[in-house]
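Fold and geometry: a report
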Amino acid sequence: MLAEEILRHPARAMTDTQRRAYFDEGFVLLPSFVDGAWLATLRSAVARFVEESRSLTRSDSIYDLEPDHTAQAPRLRRVSSPCDHDETIWRFLTESPLAEALADVLGPDVKFYQAKLNFKWAKGGAEVAWHQDQPFFPHTNHAVLTCGVYLNDCGPEQGPLMCLPGSHKGEIHDHYDESGTWRGEVRADVRASLDVGRAVELMGPAGSVTMHNYRTLHASRQNMSDEGRPLLLFVASAADAMPYTAQPLKSRYEQSIIRGAPAAFAHHEPGRFRLPPDWSGGYSSIFALQKQEAAQ
Ligand SMILES: O=C(O)CCC(=O)C(=O)O
């Protein structure tokens, strides 16, 4: 679905200014969007994941661990497909006002693609290098976005998500290096050409929501502060956007309709872009991919 068609539907949860900002800049921040009750529910789910992870000594298809993770001091980098492992997270996505906000920028028919929970622990939580999401999961049209829910307050020292305004209207960059190895980030020459001084840090109190289009260039710094930065991420699309490649983060909810109805027609936008590696066997996380750790 194209922006003009989406905007013809009345707003449900966002203001028209916020919807316009998403389409013009390629991202938007919804400060304090999630209410206290939902936030408490999500934090309980996160605490359960952290408890579960204590017994692990290596990453697996669900839990991606930082190298210094221990039972006494758990350091999870990511939980893949958290909705599949805690039903309160799926209920949050489908029953809270977040689903209405997704419809505001994706159109009335909204489809789930994937979910993950990125921790970015205090004192060293890993950085995420500049990248676009489209090269990871190209779709037939560009009505695809990632939305993030900050579960703690997030300021500049916690490594907030940063987006480059307008970059969703520019080039889709190669995320392979010169030798053809997947890097999961833009090449050094592209990185050097980015005007990162214009990047906007998306920060706010716990419960603030970020949304960025899958073509928007984004990154986040290491978290060297004393506070963790758990960020619950959902990727969703218009129902008529079809993925070209296999889903690396397996989920029983893949392609489930969150709002509205399934598409009767696929919508294609023209373009030629490189396909990601074959991840039909799955992968652990962007952190592991950018650091070139062995696939799990
Ligand atoms: O956690 C973050 O700061 C960014 C995550 C991200 O960009 C991703 O997982 O694709």
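Residue indices begin from 1 for each chain and proceed along its sequence in written order. Local features in this predicted model are restricted to residues of pLDDT 70 or higher, and side-chain atom pairs are both shown and tallied only at a pLDDT of 80 or more, whereas totals for entire chains, interfaces and linings draw on every residue.

The next thing to look at is the site of the ligand. In the region of the ligand, the neighbouring residues are Asn-118, Val-128, Asp-133, Leu-161, His-218, Ser-220, Leu-231, Leu-233 and Ile-286. Helix numbers and strand numbers start at the N terminus; a helix is a DSSP run of H or I with at least 4 residues, a strand a run of E with at least 2. Counting only elements with at least two residues in the shell around the ligand, the list comes to strand E10 (218-220) and strand E11 (231-238). Just so you know the grouping, Ala, Val, Leu, Ile, Met, Phe, Trp, Tyr, Cys and Pro go in nonpolar, Asp, Glu, Lys and Arg go in charged, and all remaining residues, Gly too, go in polar. Residue composition of the shell around the ligand, grouped by class: five nonpolar, three polar and one charged. Proximity of a residue to a molecule or strand is defined by its backbone-placed C-beta atom lying within 6 Å of that partner.

Attention now moves to the pairing of E11. The exposure scheme places C-beta atoms from the backbone and then counts, for each residue, the other C-beta atoms within 10 Å of its own, assigning buried at 20 or more, exposed at 12 or fewer, and partly exposed in between. Burial within E11 is extensive, with seven of its eight residues counted as buried. By this definition, two strands are paired if DSSP reports at least two bridges between them. By the bridge criterion, eight bridges tie strand E4 (residues 110-118) to E11 in an arrangement that is antiparallel. Counted as the bridge partner of Gln-114 is Val-235 from E11.

Here we come to helix H6 (residues 98-106). Within H6, eight of the nine residues are buried, which leaves it mostly tucked inside the rest of the structure. Trailing H6 by a residue or two, Gly-107 shows a phi angle of about 100°, which is positive.

Where burial is concerned, most of strand E9 (residues 209-213) is hidden: five out of the five residues are buried. Bridging between strand E1 (residues 27-30) and E9 involves four bridges; their strand directions are antiparallel. The residue of E9 that forms the bridge with Leu-30 is Val-209. For strand E6 (residues 144-150) and E9, the ladder comprises five bridges, and the chain directions are antiparallel. Residue pairing across strands places Thr-146 opposite His-212, the latter belonging to E9.

Any set of buried Ala, Val, Leu, Ile, Met, Phe, Trp, Tyr and Cys residues joined through C-beta atoms within 7 Å is what this text calls a nonpolar core. If you look at the biggest cluster of nonpolar residues, it comprises 75 residues, and the most contacted ones within it are Leu-93, Leu-102, Leu-106, Val-209 and Ala-236. With seven residues, H6 is the largest single contributor of residues to this core. Non-local contacts of Leu-106, meaning those with residues more than four positions away in its chain, are made with Ile-6, Ala-143, Leu-145, Ala-236, Ser-237 and Ala-238. Placing C-beta atoms from the backbone, we regard two residues as in contact once those atoms come within 7 Å.

This part covers the environment of Arg-272. Along the chain, the position of Arg-272 falls in the loop between strand E12 (257-259) and helix H8 (286-290). Among the residues examined, Arg-272 registers 5 C-beta atoms within 10 Å and is labelled exposed. For the pair formed by Arg-272 and Ile-172, sequence separation is 100 residues and the distance between their alpha carbons is 9.5 Å.

Two modes of strand pairing occur in sheets, parallel and antiparallel, and in both the strands are linked by backbone hydrogen bonds. Pairing within the open sheet is antiparallel, and its four strands lie in the order E5-E10-E7-E8. What marks the edges here is a single partner per strand, and that holds for strand E5 (128-131) and strand E8 (200-202). Pairwise comparison of adjacent strand axes, ignoring direction, gives a mean angle of 25° for this sheet. Here three bridges tie strand E7 (residues 161-163) to E8, and the two strands are oriented antiparallel to one another. Pairing of Cys-163 across the sheet is with Val-200, part of E8. Angular values range over 0 to 180 degrees, each being the angle between N-to-C directions of two axes fitted as lines to C-alpha atoms, with helices fitted over their stretch in contact.

Positive phi outside glycine occurs at Lys-120, with the angle close to 45°. When you line up the elements, Lys-120 lands in the loop between E4 and E5. Among the residues examined, Lys-120 registers 28 C-beta atoms within 10 Å and is labelled buried. Positive phi values are uncommon outside glycine, yet Lys-123 reaches one of about 55°. Counting through the fold element by element, Lys-123 comes out in the loop between E4 and E5.

What follows deals with the environment of Gly-107. Note on placement: Gly-107 falls in the loop between H6 and E4. Through-space distance from the C-alpha of Gly-107 to that of Met-1 is 7.0 Å; in sequence the pair is 106 residues apart. In contact with Gly-107, other than residues within four places in its own chain, are Met-1, Glu-5, Ile-6, His-9, Ala-143 and Ala-238.

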